[in-house]
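Here are the chains, one letter per residue:
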Amino acid sequence: MAAPPNAVEERLDSVASSTAPVIKFENVSIAFEDKAVLDGISFHLPRGETKAVFGVAGSGKSTMLKLALGLLKPDAGSIYVLGNDITQMSEEELFDLRRKVGIVFQESALFDSLSVRENVAFRLIEEGDISDEEIERRVREVLSFVELEHTLDKFPAELSGGMRRRVAIARAIITEPEILLYDSPTAGLDPVTSTTIVELIVKQRDVYKTSSLMVTHRLQDAFVMASHYFDRQANQMRRLPPGARGEVPMSFLILRDGKVIFDGDAQELAHSKDEYIREYIS
Amino acid sequence: MAAGDLLSNIELISPSQFAKEKIQAVQDYALLSARAVVNLFRRPLYVADMIQQADLIGVGSLSIVLLTGFFTGAALALNSANTLQRFGSLTLIAQLVSVSMVRELGPVLTALMVAGRNASGMASEIGSMVVTEQIDAMRALGTDPVKKLVTPRVIATVFMLFFLTILADLLGLFGGAVLSTLSFGIDWHQYWSSGWQILVFQDVFTGLVKPVLFGFIIATVGCYYGMSARGGTQGVGRATTQAVVASSLLVVVVDTVVTRLLMTVFGYR
């Protein structure tokens, strides 16, 4: 059997050393126009872990991400982000907390009147006390991370869907957030571009050890993430050696009718006896 | 589709629900307006955005405002001349144009022009940002969209409408002068002299207070409808129309109230 990759070993050490959850939902409920979207859900995201969130359309996955960022307030329950109960925080206090959390929206949500450079640098420019040289250096650094350095002066309308998604990732990670939220990052993309995005997410997980919640419809993306690690030397994603499956910090959460019906790792998901889950993953 | 099907698709709202929604809308508008003002005293101030908006709103509206002012003054002179001639008071034409333009028509027509052009622009721009999640993205990136988008538009509109109104007043007087001179043989210098002398402090004050209020109304209403846009491109279109209708209507209603109020304050004739 091949020796366990160094990245995986480091990852395991890191996760073991810090188990405090970075996100915790406690009996969270929210309804829109009297229709319950989330109905008393509870789960937590341990530091360093990436949790893939599944559910049919309209099951409240994107709502969950917006709740985690304080963009929506729940009707009931508590949400803790980095130890802060965000349901009790004002919008002004949330602005400070959001500097530690990055989000990639489903349709990228890039500012269409700003260039790629200005989009990616937005948060740094808003902070106001960073020099232009430093901003330029960091923008180039994150754009090179997503391999889009050549698009600096382009506008979002000039980019393909996959490129916009990668710029959105660059914008989310420029301040090195402790938590990343991905809303269907591969939706509507071709398989090759999807693999590129998945590789970037795995790289973010394994190299920068960022805790993440990833909403997705594509089960295969999450299974790829659970069965691969990022090899820093080769600068590419590699399959875990046989027997090492489950050793990367990856878990799964499934929503149904506003409730959490599964929260566990890939092994538990694969061996679930629940009929709905078996049908979902088949 | 049959008429029955169409009717069954129309959602009926109870009167109490309707009233609740309207009160909620007024409350949201008041809160947005208050936040736009309070943000003036909180950093960062987004001066560059204010200048950009001032250029878009002020310089961009200059041509329509000047043309509206000129032709309103000319039409006013033309309409008044007929009546004044009957009483042998044609020389009063400059006074009539001057007082009407400065106190009423200049501020109101300029505001209506700017409302048509800019309230719609603000509602559609901000509305598009709402439906494409750009506003959520801005909040997620730690920036207050009210501070970044609404406050600069309010300041720029108030500031520029003030000066646009002065220019519209001047062009109105000029339009009246051109028409009076060419059509009725009024002496150019006499026109300007009597038009100038009739104006008192109350006229000018009334004419300059109104654009400040109208500018605030246009920008806050435009931004409010933009921020409230829901339902994709159709929702943005609806928000744009509503912004123009509501801001224009509010301008004429507030105009009447303010005119009455200032008349009372000044014990005006």
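For clarity, every value in this text was computed on a predicted model and none was experimentally measured.

Asker: Now, about the overall build of chain B: what can you tell me, with residues and values included?
Answerer: Along the backbone of chain B there are nine helices and zero strands. Helices and strands in chain B line up, N terminus first, as α-α-α-α-α-α-α-α-α. Within the span of chain B, comprising 269 residues, buried residues form 41% of the whole. Sequence separation of at least 24 residues holds for 88% of the intrachain contacts in chain B that already meet a minimum separation of 6.

Asker: If you had to explain the sheet that holds strand β3 (residues 50–54) of chain A to someone new, which residues and values would you point to?
Answerer: Residue and element names in this part refer to chain A. Pairing within the open sheet is mixed, and its six strands lie in the order β6-β7-β8-β3-β11-β12. Looking along the sheet, the strands with just one partner apiece sit at the ends: β6 (101–104) and β12 (259–264). The sheet shows a mean angle of 15 degrees between the axes of neighbouring strands, direction not considered. One ladder, built from five bridges, connects strand β11 (residues 250–256) with β12; its direction is antiparallel. For L253, the partnering residue across the bridge sits in β12 and is D263. The sheet strands contacting helix α6 (residues 161–173) are β6 and β7 (179–183), and the helix crosses β6 at an angle near 170 degrees.

Asker: Explain the sheet that holds strand β5 (residues 84–85) of chain A to me, and be specific about the residues and the numbers.
Answerer: All names here are of chain A. If you walk across this open sheet you meet the four strands as β2-β1-β4-β5, and the pairing is antiparallel. Strands at the two margins of the open sheet, each flanked by one partner only, are β2 (35–46) and β5. Bridge count between strand β1 (residues 21–32) and strand β4 (residues 76–81): five bridges; the pairing is antiparallel. Along β4, the bridge assignment pairs I23 with V81. Taken strand by strand, helix α2 (residues 61–68) contacts β1, β2 and β4, and its axis lies near 120 degrees from that of β1.

Asker: Tell me what's going on with the confidence of the model for chain B, and back it up with residues and numbers.
Answerer: Residue and element names in this part refer to chain B. Of all residues in chain B, 95% attain a pLDDT of 70 or more, and the chain-wide mean is 90. Confidence, read as mean pLDDT per element, is least for helix α1 (residues 3–9) in chain B (56) and greatest for helix α8 (residues 201–227) (95). Here the predicted complex scores 0.84 on pTM and 0.83 on ipTM.

Asker: Lay out the pairing of β11(A) with the relevant residues and their values.
Answerer: Residue and element names in this part refer to chain A. Among the seven residues in β11, six count as buried, and that is most of the element. Inspection of the sheet shows β3 paired to β11 by five bridges, in the parallel sense. Looking at the pairing, A52 lines up with F252 of β11. Connecting the antiparallel pair β11 and β12 is a turn made up of two residues, with D257 showing a positive phi of about 50 degrees.

Asker: Explain the packing of helix α4 (residues 116–127) of chain A against helix α5 (residues 132–145) of chain A to me, and be specific about the residues and the numbers.
Answerer: Residue and element names in this part refer to chain A. Packing of α4 against α5 leaves a shortest axis separation of 10 Å and a crossing angle of 125 degrees. On the basis of their axis angle, the class for α4 and α5 is oblique. Crossing handedness for the pair α4 and α5: right-handed. Across from R117, V120, A121, L124 and I125 in α4, the residues of α5 making contact are I135, R138, V139, V142 and L143. Looking at the contact of α4 with α5 residue by residue, the classes come out as eight nonpolar, no polar and two charged.

Asker: I'd like a rundown of the interface of chain B and chain A, residues and numbers included.
Answerer: For interface size, the figure often reported is the accessible area lost on association. Between chain B and chain A, the contact holds twelve residues from the first and 14 residues from the second. Split by residue class, the side of chain B that touches chain A holds four nonpolar, four polar and four charged.

Asker: Go over the pairing of β3(A) with me, naming the residues and quoting the values.
Answerer: Residue and element names in this part refer to chain A. Of all five residues making up β3, five are buried, and the element is well covered by its neighbours. Here β3 shows no split at all, with T50, A52 and F54 on one side and K51 and V53 on the other all buried. Across four bridges, β3 lies against strand β8 (residues 211–215) in parallel orientation. The partner of K51 across the bridge, within β8, is L213.

Each value, and the rule that gives it
- In this convention, every chain numbers its residues from 1, walking through the sequence in written order.
- Here chains are named by letter from A upward and ligands by number from 1 upward, in the order in which they appear as written.
- Predicted model: local features are reported for residues with pLDDT of at least 70 only, side-chain atom pairs are reported and counted for 80 or more only, and whole-chain, interface and lining totals are derived from all residues.
- Secondary structure elements are taken from DSSP: a helix is a run of H or I of four residues or more, a strand is a run of E of two residues or more, and numbering for both begins at the N terminus.
- Labels follow a simple rule on C-beta atoms placed from the backbone: if 20 or more others lie within 10 Å of a residue's own, it is buried; if 12 or fewer, it is exposed; otherwise it is partly exposed.
- By the convention adopted here, residues make contact when the C-beta atoms placed from their backbones lie within 7 Å.
- In this description, strands pair whenever DSSP reports at least two bridges between them.
- Think of each axis as a best-fit line through the C-alpha atoms, taken over the contacting stretch in the case of a helix, with angles from 0 to 180 degrees between the N-to-C directions.
- pLDDT is defined as a per-residue confidence score from the predictor, taking values between 0 and 100.
- We call two directions roughly parallel when the angle between them is under 35 degrees, roughly antiparallel when it is over 145, roughly perpendicular when it lies between 65 and 115, and oblique otherwise.
- Left-handed describes a crossing whose near helix is turned anticlockwise from the far helix by less than a right angle; the clockwise case is right-handed.
- Residue classes follow a fixed rule: Ala, Val, Leu, Ile, Met, Phe, Trp, Tyr, Cys and Pro count as nonpolar, while Asp, Glu, Lys and Arg count as charged, and any other residue, Gly among them, counts as polar.

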